[in-house]
Amino acid sequence: MAGWDTAFDEMWAALLPVGRGADGGYSRFTWTGPELDCRAWFLDEASRRDLEVERDANGNLFAWWLPPGGARSGAVLTGSHLDSVPGGGAFDGPLGVVSAFAALDALRAGGHVPARPIGVAAFAEEEGARFGVACLGSRLLAGAIAPERARGLRDGAGRTFADAAAANGLDPDALGPDEDLLSRVSCYVELHVEQGRALGVPVGVATSIVPHGRWRLDFTGEGNHAGTTLLPDRRDPMLPLATTILAARQAADRHATLATIGKLDVVPGGVNAIPSAVTAWLDARGPIDDAVRATVADIERDARAVAARHGVAVALAEESYTPVVDFPRGLRERLLAALPGAPVLPTGAGHDAGILASRIPTAMLFVRNPTGVSHAPAEHADHADALAGVRALTAVLADLTRDPPVTPR
């Protein structure tokens, strides 16, 4: 095996072309060709390091470095995800997985003998780009979503998650929490590219994840001919949607939150046809739960009022919600002790670490992003900063797996 820094470069180069579009953006959706190629890459990297591979019933991948004697309890888990949003950046998710493998290389090169297992994870459907619920793999693992609901989730082509899971060798009836796996893990540390531009140094430590969620707004009107239907006779659902988009921005201003409508589905979608129905997806986030809930309540109120004026029905449904996550102080202090001088910062983005926090101690490291852009091709981390992230993760894993082991709280 090459040096850990060379191994990092080689792994990164192997992943870089997978799922990349002409504009430089990535589309790696769960169980589609590019994401399956990423999974094959993961398995190959695990094999090259003689790691024990495990796929749980939810499609999450794990590669385990077992200590001498083969003990399986008290494991320290790291990693991230390999899927992407539509047209996303190269770093969101894969940086954490590549860095995890490189950190194992660095530990081995330094002669570290872990007193407990170290696992590298690649969680399924973290972005929710195909089936609509973010962090679906970790939600199922942690019991944060009902398996029956997950089975019924559909992608844009109408295919259910259950059908897609079965087509990829999983038993849809087995979806759900894995208590045995969770009982073997003492903590999870996720390295991620910074999503924003707050870091002035290469690596920082997360304090919390702000509350955030997704809601679906269904506007139902009456389809008709664009050239023959008089304006007073129209029940056009696009008009109340347009007003609702503006209302979302105004509600976010009032409550000091963020509200975004970035995805629409128009039926029938013809240039010369008045839509019969429009579905929009709302993303809302904020510093406290009450502010996010108040934002969504205001948006729903305004949507119903304007829809009524246009003779259009509207329904709002919550698809996912994650309350504020405060990472446990004890584990965070262990990270800071291993990384003297590292700054701390909250994040407005959701992560698998935030979902798993309900079941096991979790923590996050962020690698500086000089562009501040995420979920877009301009997302970036400088090479030197990425390697600093590997060194930081290596120090953290060495500390958490020393002998005698100490369970963080």
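Going by the structure above, here's the rest.
Please read these numbers as outputs of a predicted model, since none were measured by experiment.

Participant: Please explain the pattern of salt bridges as it appears in this structure.
Facilitator: Any two side chains of opposite charge can pair, so long as their charged atoms come close to each other. Going through the model one piece at a time under the given rule, you end up with 21 salt bridges. In this structure, R285 engages D283 in a salt bridge whose closest nitrogen and oxygen atoms are separated by 2.7 Å. Residues R285 and D283 agree in their burial class; the two are buried. If you follow the salt bridges from partner to partner, you end up with E45, R48, R49 and D105 in one network.

Participant: I would appreciate a short explanation of the state of the cysteines in the present structure.
Facilitator: Two cysteines whose sulfur atoms are joined by a covalent bond form what is called a disulfide. Enumeration over the complete set of coordinates arrives at 0 disulfides. The thiol of C38 is unpaired, and the distance to the nearest cysteine sulfur, on C135, comes to 17 Å. You can call C38 buried: its relative accessible area is 0%.

Participant: Would you explain unusual backbone geometry in this entry?
Facilitator: Trans peptide bonds make up most of the peptide bonds, and negative phi angles are found at most residues other than glycine. Note that the residue after V267, namely P268, is joined by a cis bond; omega there is 5°. A positive phi angle, near 60°, is found at W31, a position not held by glycine. For D50, which is not a glycine, the phi torsion comes out positive at approximately 60°. For D50, the position within the fold is in the loop between α2 (33-48) and β1 (52-55).

Participant: Looking at this model, I keep getting lost on the packing of aromatic side chains. Mind explaining?
Facilitator: For any pair of aromatic rings, the description consists of the separation of the ring centres together with the inter-plane angle of the planes. One pass over the full model with this rule turns up 10 aromatic pairs. Arranged with centres 6.1 Å apart and planes meeting at 5°, the rings of F8 and W12 form a pair that is stacked. Note that F8 and W12 are positioned in helix α1 (residues 4-15) at a spacing of 4 residues, about one turn of the helix. By the burial criterion, F8 is buried, and W12 matches it. Here the aromatic rings of F62 and F123 are separated by 5.9 Å at their centres, their planes lie at 85°, and the arrangement is edge-to-face. On the criterion of sequence distance, the pair formed by F62 in strand β2 (residues 61-65) and F123 in strand β4 (residues 118-123) is long-range, its members being 61 residues apart.

Parameters at a glance
- Residues numbered from 1 in each chain as written.
- Predicted model: local features only at pLDDT ≥ 70, side-chain atom pairs only at ≥ 80, totals over all residues.
- Heavy atoms only, no water.
- Salt bridge = Lys/Arg side-chain N within 4 Å of Asp/Glu carboxyl O.
- Buried < 20%, exposed > 50% of the residue type's maximum accessible area, 1.4 Å probe, protein only.
- Disulfide = S-S within 2.5 Å.
- Helix = DSSP H or I, 4+ residues; strand = E, 2+ residues; numbered from the N terminus.
- Phe/Tyr/Trp six-rings, centres within 6.5 Å; stacked < 30°, edge-to-face > 60°.

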